[in-house]
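# Summary of structural features
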Amino acid sequence: MFDKFKDECGVFGIFGHPEAANLTYLGLYALQHRGQESAGIAAADGTRIRVSRAMGYVNDAFDNDTLAGLTGHLAVGHVRYSTAGESRLANAQPIVIDSAHGQLALGHNGNLINAGEVRDALVREGAIFQTSTDSEIVVHLYARAKAENVETAIVDAISQVRGAYSFVLMTKDRIVGVRDPHGFRPLALGRLGDAWVICSETCAMDLIGATYIRDVEPGEMVIANAQGLRSMKPFPPAKHSQCIFEHVYFSRPDSYVFGESVNEVRTEFGRRLALESGVPADVIVPIPDSGVCAAVGYAEQSGIPMRMGLIRNHYVGRTFIQPQQSIRHFGVRVKLNPVKSILSGKRVVLVDDSIVRGTTSRKIVRMVRSAGAREVHMRISCPPTISPCFYGVDTPRRSELIAATHTLEEIRKYLNADSVAYLSLDGLTDSVPAGKTRYCTSCYTGVYPVAFPRDEAAYLQLALKLNPESVSPSAPRPVAASGFEAEDLPGSAGPSLAGAGSSRGGRRSE
Ligand code: SF4
């Protein structure tokens, strides 16, 4: 319902605990914000892998009987939002295969840039694909690897893919975590007693009482088995390109991501935003929940009090029933409601983490004005989003990104705000250590760290729903001047609530 980039996926793995599947369930629960379409757990007991996958939220996907059937001391799990491939049960992960190297389970967070090319080559050689995901090519490459053991087969397979990947893999007796050499997506390593934990974000460790030790480094492969933990760096090194949007929006603020507290980084974004574009005002109001940390920083820096002038209804689910047309004009109120006593007669600074199409922001400004605000200033804790992501994030077409096609003044007019300001690119990258050298900022610059071959255009267009114009690496496209199309931008036709209906499609256990 909110106008945001969509989260990607979350992965979790544990080795050496008798309750491995139950702990994986809890880990996925903590990672639910990274994917709500499907969830899956594969567990092993040293002899075989069992797996259960289902559409929907984690707590709908598993029950006690299912978890009881996932026996063993090692497990891997996955929550999915489809960035490549359709939303259907066959595409749920972990993918489990049997091969000459034995069984393998795989969960993937990211997006493989050369997936179309490799998939076509595999199909020409006779491979039969079960899913429409990019991740499946890795298990095909693994099954075909001429390597002498499981680990070299994994390295052989992963060496043939490019792009963004944080994998958790499992054989019948070990778990493996692999992060691509650019380090696009996070992957953290921790301990729970004698057990090893590998997961997307540390909030999953907190829930099960595990201790965060360090990140799996870009280009690193860690293997946990009965002999302990081993690390290797089998892939050619590359320039680090950790996704800065993990700090802006995706990750939970209680997580450490890329070694940094998301809460602290997000708060620093807010402080810098206030320094760069402070405005006389009476109250700072975050757009909940994602604008809260930056609003705290903005209030701290500006000395203006922060108040919760917008209250979020947390009980609006994916299966909201489509009301009749005659009563549909409640806009974003079903999810956000203004607090008149805080807003009335005030000069209000609204703080949000990002604007994608601008449609929701426009409705929120209207709502705050209707609650009596005297002035409404919009402050965004990241730079204008002008380019799509090819590294595991679902973004709208470039033509739908308001900052890609409109000037700042046009955006202000569209939102009907008194002023609009974004955090600068320097402000963003200076908020994290080595922000200018270790992070990807492509959605703000249009400059892509991993190029993709020309013939990938069609594949990406299909998989990521992009315009052909967006599919080639290009020079930066700053906020552009162009005409404004009234109410308006694609996707703005009223609150599309029912369309987000349940994607549940049963459960599959093997
Ligand atoms: S393009 Fe944006 S969302 Fe995608 S990896 Fe880079 S910073 Fe993250």
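Everything below is about the structure shown above.
Residues numbered from 1 in each chain as written. Predicted model: local features only at pLDDT ≥ 70, side-chain atom pairs only at ≥ 80, totals over all residues. Heavy atoms only, no water.

## Regarding the sheet that holds strand β6 (residues 104-112)
The strands that make up a sheet are held in pairs by hydrogen bonds between backbone atoms, and each pair lies either parallel or antiparallel. Note the cut-off: Strands qualify as paired when DSSP identifies two bridges or more between them. Only runs of H or I of at least four residues qualify as helices and only runs of E of at least two qualify as strands under DSSP, and these elements are numbered from the N terminus. Note on definitions: angles span 0 to 180 degrees between N-to-C directions of axes, and those axes are lines fitted to C-alpha atoms, for helices only across the stretch in contact.
Strand order in the open sheet made by the six strands is β5-β6-β7-β8-β12-β13, with antiparallel pairing throughout. The open sheet terminates on both sides in strands that have one partner only, identified here as β5 (95-97) and β13 (228-232). Between one strand axis and the next, the sheet turns by 20° as a mean value, whatever way the strands run. Where β6 meets strand β7 (residues 163-170), eight bridges bridge the pair, whose relative direction is antiparallel. If you follow L106 over to β7, its bridge partner there is L169.

## A short note on unusual backbone geometry
With an omega of 10°, the peptide bond running from Q93 to P94 counts as cis. Among the structural elements, P94 can be located in the loop between β4 (74-80) and β5. Here the bond from P288 into D289 is cis, since omega is -5°, no more than 30 degrees from zero. Relative to the helices and strands, D289 resides in the loop between β17 (283-286) and α10 (292-302). In this structure, F258 takes a positive phi of about 55° despite not being glycine. Along the chain, F258 falls in the loop between β15 (256-257) and β16 (260-261).

## A closer look at the nonpolar core
Stated precisely, the cut-off is as follows: By nonpolar core we mean a set of buried residues, namely Ala, Val, Leu, Ile, Met, Phe, Trp, Tyr and Cys, connected to one another through side-chain atoms within 4.5 Å. Burial classes: relative accessible area under 20% of the type maximum marks a residue as buried, over 50% as exposed, and values in between as partly exposed (1.4 Å probe, protein chains only). Contacts are assigned to residue pairs that have any heavy atoms within 4.5 Å of one another.
Within the largest apolar cluster, 72 residues are counted, with the highest numbers of intra-cluster contacts made by L350, V368, M378, Y391 and L415. Considering each element in turn, this core owes the most residues, five residues, to helix α9 (residues 262-277). Beyond its immediate stretch of four places on either side in the chain, Y391 contacts G110, N111, I113, A164, F184, R185, C440, S442, Y448, P449 and V450. Residues A127, A157, V176 and I223 belong to the second largest nonpolar core, which totals 31 residues.

Nothing here speaks to function; it is geometry throughout.
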